[in-house]
Amino acid sequence: MKKVSIGSWAYVFGAFEKDPVLLPQLCDKLNELGFDGISMGGFRPHANPELYDTPEKREELKQLLKKYNLEVADFACDLWSIDALQQSDEWVKLFEKNAEFASQMGFQIIRVDSGTPPVLPEGMSYALARKKIVDNFKRISKIAQKYGLQVVWEFEPGFLINEPKYILETYEAVNEPNFSILFDTCHGYMSAVVGARHIEPNKLAGGLAEFAEMLKGKIGLVHLIDSDGTLNEAETSTHAPFGLGAIDFDEIIPVLLDKADYKGEWWAIDLCEWPDAWNVTADCKAFVDKLNQEYCG
């Protein structure tokens, strides 16, 4: 059986932006629902290093998680104040600040994206932009190695490099032992089936299953959620609750386990920017528990 977590950012963004669910309330609910852990967002007012900026505050956060018996599956650091393509040094520096925090907190996996929208700066080729992102990823992977952290890259329509062939190419070019792919089923569907916001179109005839198999042995973490094939107001994938989209989880889970060789410990649910995330959390947990029992039991 894999352990099950959920992204804390779902209760901070979108409809929750003006009235976020604070960590104590969220942790209490996740414990009540039987979650093994939390996928921790570094987004205010959750576990941002600048909010937890003293040893005492960081110890308080550790004790909060311990109180509710929650592990941290992954830490999504907030690097969104900086454009990774045009401010690479600043982006890498902010990553190191987050990596130090994650290490001190005992987190093991740190999540990043490419850090820039899928729009090329004037005069820059796509090949050069991808090369710069590869360089960024190599730099942060080496920093993460110092702190004993695994880096997982979450591709998605909201950020540069979201075509299947270039996702694979980028992973291979980074070539660092602690760097792997975060495969979000919703983003994967939007990439392989819909081709959303591709700079160079690259849909796959075999859809999500073909995409997962392409990444055999390269997936470090899986986010599970459905897709209705649309983009949300933030111009990234709509993370529809299970059953409201087009993904066949009885097809993709065996592919991830057997053909993509996913060995990670976690299934992480991602309800990012779903307006009713709080009220559908229990149903999502029950859905993943059923999948877990059937395919990992």
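- Under the annotation held in an unreviewed UniProt entry, the protein carries the name Xylose isomerase-like TIM barrel domain-containing protein and is attributed to Christensenella hongkongensis.

### Some remarks on the UniProt feature "domain: Xylose isomerase-like TIM barrel" (unreviewed entry) in the protein
Link 1 in the chain: As recorded in UniProt, the feature "domain: Xylose isomerase-like TIM barrel" (unreviewed entry) lies at residues 28-264.
Link 2 in the chain: Measuring from the first to the last C-alpha atom of residues 28-264 gives 25 Å, for a span that is 41% helix and 18% strand.

### A short note on a negative patch on the surface
Link 1 in the chain: A cluster of acidic residues, Asp 248, Asp 250, Glu 251 and Glu 294, forms a negative patch at the surface.
Link 2 in the chain: With respect to the helices and strands, Asp 250 occurs in helix H8 (residues 249-259).

### Re the nonpolar core
Link 1 in the chain: Phe 95, Leu 256, Trp 267, Ile 269 and Leu 271 are the most contacted members of the largest nonpolar core, which has 103 residues in total.
Link 2 in the chain: Contacts of Leu 271, omitting those with residues within four sequence positions, involve Ile 6, Ala 10, Tyr 11, Ile 225, His 239, Pro 241, Ala 277, Val 280, Thr 281 and Cys 284.

### A look at the pattern of salt bridges
Link 1 in the chain: Under the definition given, this model contains 15 salt bridges.
Link 2 in the chain: The salt bridge involving Glu 154 is made with Arg 111; its shortest N-O contact spans 2.7 Å. Of this pair, Glu 154 sits in strand E5 (residues 150-154) while Arg 111 is found in strand E4 (residues 109-112), placing the two residues 43 residues apart along the sequence.
Link 3 in the chain: Among the residues examined, Glu 154 registers a relative accessible area of 4% and is labelled buried.
Link 4 in the chain: Glu 176 is the partner of Lys 138 in a salt bridge, and the nearest nitrogen-oxygen pair spans 3.3 Å. Note that Lys 138 is positioned in helix H4 (residues 126-146) and Glu 176 in the loop between helix H5 (164-174) and strand E6 (179-184), a separation of 38 residues in sequence.
Link 5 in the chain: Residue classification places Lys 138 among the partly exposed positions, given a relative accessible area of 26%.

### A few points about the pairing of strand E7 (residues 219-224)
Link 1 in the chain: When you tally the buried positions in E7, you get five out of six residues, the bulk of the element.
Link 2 in the chain: Direction of pairing for E6 relative to E7: parallel, over a ladder of four bridges. Paired with Ile 181 across the strands is Ile 219, a residue of E7.
Link 3 in the chain: Where E7 meets strand E10 (residues 266-269), three bridges bridge the pair, whose relative direction is parallel. Within the sheet, the bridge partner assigned to His 223 lies in E10 and is Ala 268.

Reading guide: rules and limits
For every chain, the first residue of the written sequence is number 1, and numbering continues from 1 onward in sequence order. Predicted model: local features are reported for residues with pLDDT of at least 70 only, side-chain atom pairs are reported and counted for 80 or more only, and whole-chain, interface and lining totals are derived from all residues. The basis for every side-chain value is the complete set of non-hydrogen atoms in the structure, without hydrogens or water. UniProt positions are given in the numbering used here, feature names are shortened, and annotations may be inferred rather than shown by experiment. For the purposes of this entry, the term helix denotes a DSSP run of H or I that reaches at least four residues, the term strand denotes a run of E that reaches at least two, and both are numbered from the N terminus. Residues enter patches when they are more than 30% accessible in relative terms and free of salt bridges; like-charged ones are connected within 9 Å and nonpolar ones (Val, Leu, Ile, Met, Phe, Trp, Tyr) within 5 Å. Exposure was quantified through the Shrake-Rupley algorithm and a 1.4 Å probe, taking into account, for residues, occlusion by the shown protein chains and nothing else. Any Lys or Arg side-chain nitrogen located within 4 Å of an Asp or Glu carboxyl oxygen qualifies as a salt bridge. Neither His nor the chain ends is counted toward charge; the positive residues are Lys and Arg and the negative residues Asp and Glu. To locate a charge, take NZ of a lysine, CZ of an arginine, CG of an aspartate or CD of a glutamate. Nine residue types can take part in a nonpolar core, namely buried Ala, Val, Leu, Ile, Met, Phe, Trp, Tyr and Cys, and a core is a set of them joined through side-chain atoms within 4.5 Å. Relative accessibility decides the category of a residue: with a 1.4 Å probe and only protein chains considered, values under 20% of the type maximum give buried, values over 50% give exposed, and everything between is partly exposed. Residue contacts follow a heavy-atom distance rule, with two residues in contact if any of their heavy atoms lie within 4.5 Å. Here the rule is simple: two strands pair whenever DSSP picks up at least two bridges between them.

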